[in-house]
Amino acid sequence: IQNTLKKQKQSTMQHFNAQLNMVKLQLAEQGINSELYWDNKNDREYVNIIPTSAVTGEGMPDLLFMLCYLPQRRLADRMAFCADLECTVLEVKVIDGYGCTIDVILTQGYLHEGDTIVLSGLDGPIVTQIRSLLMPAPLKEMRVKNAYQTYPEIRAAQGIKVAAKDLESAVAGLPLFVAQYKDEVPLLVEKAAAQLKSSLRSISTVSSGLAVQASTLGSLEAMMDFLKTEKVPVAYVGIGPVHKRDVMKASIQMDKDKKYGVMLAFDVPIDRDAQAMADERGLKVFAANIIYHLFDQFKAHTEELKRQLREQHKHIAVFPCRLRILPDCVFNARDPIVVGVIVEEGIIRQGTPLCVPSKGMIDIGVVESIEVNHETREQAM
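Residues numbered from 1 in each chain as written. Predicted model: local features only at pLDDT ≥ 70, side-chain atom pairs only at ≥ 80, totals over all residues. Heavy atoms only, no water.

*Asks:* What's the story with the overall build of the protein chain in this structure? I'm lost.
*Replies:* Along the backbone of the protein chain there are nine helices and 23 strands. Computed over C-alpha atoms, the radius of gyration of the protein chain comes to 32 Å, more than 25% over the 21 Å expected from 2.2 N^0.38 for 381 residues, which places it beyond the range of a compact globule. Along the three orthogonal principal directions, the C-alpha set of the protein chain runs to about 95 × 65 × 35 Å. In the protein chain, which comprises 381 residues, the proportion classed as buried is 32%. In the protein chain, of all internal contacts separated by at least 6 residues, the share reaching a separation of at least 24 is 55%. (Helix = DSSP H or I, 4+ residues; strand = E, 2+ residues; numbered from the N terminus. Rg over C-alpha atoms; globule rule 2.2 N^0.38 Å. Buried < 20%, exposed > 50% of the residue type's maximum accessible area, 1.4 Å probe, protein only. Contact = heavy atoms within 4.5 Å.)

What follows is the structure, given as C-alpha cells:
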C-alpha cells in the first residue's frame, strides 16, 4: 500500500491524509492512540492503522502480514507447539472421490492416517478411522476446488480435510478427539456426547415458536442471538441439512399457532423428501445464506398472514365511530337507506353495524357501501 500511495496525485494524498486524521481523531476521542503501521514506533501504546481498498484489494497483504507478524512477536510463548491434541471441526462437505469429509483446524498436536477419531454427531457420537489426511498444494485455498495432496501425518497448526466413514451427521463447531488406545474410546464417546449436549443446552428455546436449522453450532448461536434481539421465539433448533425428522418436529408448532409453522434454514441444504413433506403439511421453509435475508423472508410471511387474518375477520371486527346525518341529504329513507353523513369520530368501514342511540339504540342495519365525492371507498374518516 505504501508503494501505491507514493504514485498518487497530490490532491489524492491530501484527501487521504484528511480521512486519516479524521479516523485518528475519532479513535482519540475513545482514548485510543493510533498511527499508520509503517510509522508506528511503539505498537504497545499505539494501535496500528492499515489502509485497505475494498475495490482493488490493496492493503490486504499488509493486513495479513501484520496479523502474522504481531502474534509471532508478542505471543511467542502462547503459540509454542504442544503435543496434546486440539482439533476443531469447521465444516462438513461431500467431495467427489472421497465422499463425506470434514474440514478441521488442527491447533495443537498431530493427526495420523489410520487414527481412531471420536466426534459429535447429530445422531450420537461418531467413532471412525481416518482414511486420508488431505491438504491443497502450497499457496492454494482449501475452500476452492483443487487437487488435494495426501499426507501420512500432519503437525499443527494446519487446516486439514479429513476423509473417513460415517461423517454425514458430524456437527461442525465442536472438537475432534483421537483415541490412542481402545480403552479410551468409551470415555471419548461420553465426552463428545456431553460436548454436544452442553452446547445445545446453552441455546434456550420456548414451548411455542418457529424452528431454526443452521450449518454449524456457531451459525446457530449467531442466528439465535439475532432472533432474540428481534424478539422472535424459537421452539426447535437443529444443526446440519434439513431432513424429514426436522420437518416433523417443526410442523408440531402449526397446531399451536399457524404463524409459527415456519422453519428458517440458515446456510444448509434442504433434502428433497423433507421439502415435499413440508409442502404437504403446509410448513414454510425459508432458506438463505445471509441472516438478514432469511429474516426478511420471515417478516414478509408474517405480514402476509396478518393481512389474511384481517381479511378473514373483517366482517366480525367492529370499529366504533360516531356519525351525524345531514338533514338535507336523506336520499332514501327505506330499504336500502341512503344518507349523507359527517364522521365526527372514528372511522366508518364497510360492514360497520349502525344504530340510533336517541331512539333506544334501534338497529338500522349494516354499512354496505361508502362513497366520498362520488368515489367508492372501503372506509372514510
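So, next bit.
*Asks:* Would you explain the nonpolar core in this entry?
*Replies:* If you look at soluble globular proteins, the nonpolar side chains tend to sit buried side by side. L210, L220, M223, L227 and L264 are the most contacted members of the largest nonpolar core, which totals 26 residues. Of all the secondary structure elements, the ones that give two or more residues to this core are β12 (210-214), α5 (217-229), β13 (234-239), β14 (262-266), β15 (284-288) and α9 (291-313). Ranked by residue count, the leading element in this core is α5, at six residues. Ignoring anything within four residues of it in the chain, the contact list for L220 reads L200, I203, V212, A214, V237, G238 and I239. One finds C87, C100, I126 and A170 within the second-largest nonpolar core, a separate group that totals 23 residues. (Core = buried A, V, L, I, M, F, W, Y, C linked by side-chain atoms within 4.5 Å.)

*Asks:* For this particular structure, what's the right way to read the pairing of strand β6 (residues 116-119)?
*Replies:* As a general feature of sheets, a regular strand has side chains that alternate between the two faces. The pairing of β6 with strand β7 (residues 126-136) spans four bridges and is antiparallel. When the bridges of β7 are listed, T116 appears paired with Q129. Counted along the chain from β6 to the antiparallel partner β7, the turn is six residues long, and its residue G124 has a positive phi close to 120°. Sheet topology places β6 next to strand β11 (residues 176-179); four bridges connect them, and they run antiparallel. Counted as the bridge partner of I117 is V178 from β11. (Pairing = 2+ DSSP bridges.)

*Asks:* Sorry, what's going on with the sheet that holds β14 here?
*Replies:* Adjacent strands of a sheet form backbone hydrogen bonds with each other and so pair up, either parallel or antiparallel. Read from one edge of the open sheet, four strands run β13-β12-β14-β15, paired in parallel fashion. Each of the sheet's edge strands pairs with one partner strand only, and the pair in question is β13 and β15. Pairs of neighbouring strands in the sheet enclose a mean axial angle of 15°, with direction left out of account. The sheet contact formed by β14 and β15 spans five bridges and is parallel. Pairing of V262 across the sheet is with K284, part of β15. Lying over the sheet, helix α6 (residues 244-251) contacts β12, β13 and β14, oriented at roughly 140° with respect to β14. (Axes fitted to C-alpha atoms, helices over the stretch in contact; angles between N-to-C directions.)

*Asks:* Before we go on, may I ask you to explain unusual backbone geometry in this structure?
*Replies:* Note on backbone geometry: most residues besides glycine have negative phi, and most peptide bonds are trans. Note the cis peptide between A156 and A157, where omega equals 0°. Along the chain, A157 turns up in the loop between β9 (153-155) and β10 (158-164). With phi around 60°, D166 is a residue other than glycine that occupies positive phi space. With a phi close to 55°, N373 is a non-glycine residue in the positive phi region. Tracing the backbone shows N373 in the loop between β21 (370-372) and β22 (375-377).

*Asks:* Honestly, the packing of α6 against helix α8 (residues 272-281) in this entry has me stumped. Any pointers?
*Replies:* Helix packing for two helices is described by the angle between their axes and how far apart those axes are. In contact at an axis separation of 8 Å, α6 and α8 are set at 25° when each is read in the N-to-C sense. Relative to α8, the element α6 lies roughly parallel. As for the relative orientation of α6 and α8, their crossing is right-handed in sense. Where α6 abuts α8, its residues K244, V247, M248 and S251 lie against D273, A274, M277, A278 and R281. Residue composition of the contact of α6 with α8, by class: five nonpolar, one polar and three charged. (Parallel < 35°, antiparallel > 145°, perpendicular 65-115°, else oblique. Left-handed = near helix turned anticlockwise from the far one by under 90°. Nonpolar A, V, L, I, M, F, W, Y, C, P; charged D, E, K, R; others polar.)

*Asks:* For this particular structure, what's the right way to read the packing of aromatic side chains?
*Replies:* Aromatic ring pairs: the centre-centre distance and the angle between the two ring planes describe each pair. One pass over the full model with this rule turns up five aromatic pairs. Where Y37 meets W38, the ring centres are 5.3 Å apart and the plane angle is 75°; that geometry is what we call edge-to-face. According to the relative accessible area criterion, Y37 is buried, its value standing at 15%. Here W38 falls in the partly exposed class, since its relative accessible area comes to 22%. An aromatic cluster is built from F226, Y292, F295 and F298, whose rings are joined through pairwise contacts. (Phe/Tyr/Trp six-rings, centres within 6.5 Å; stacked < 30°, edge-to-face > 60°.)

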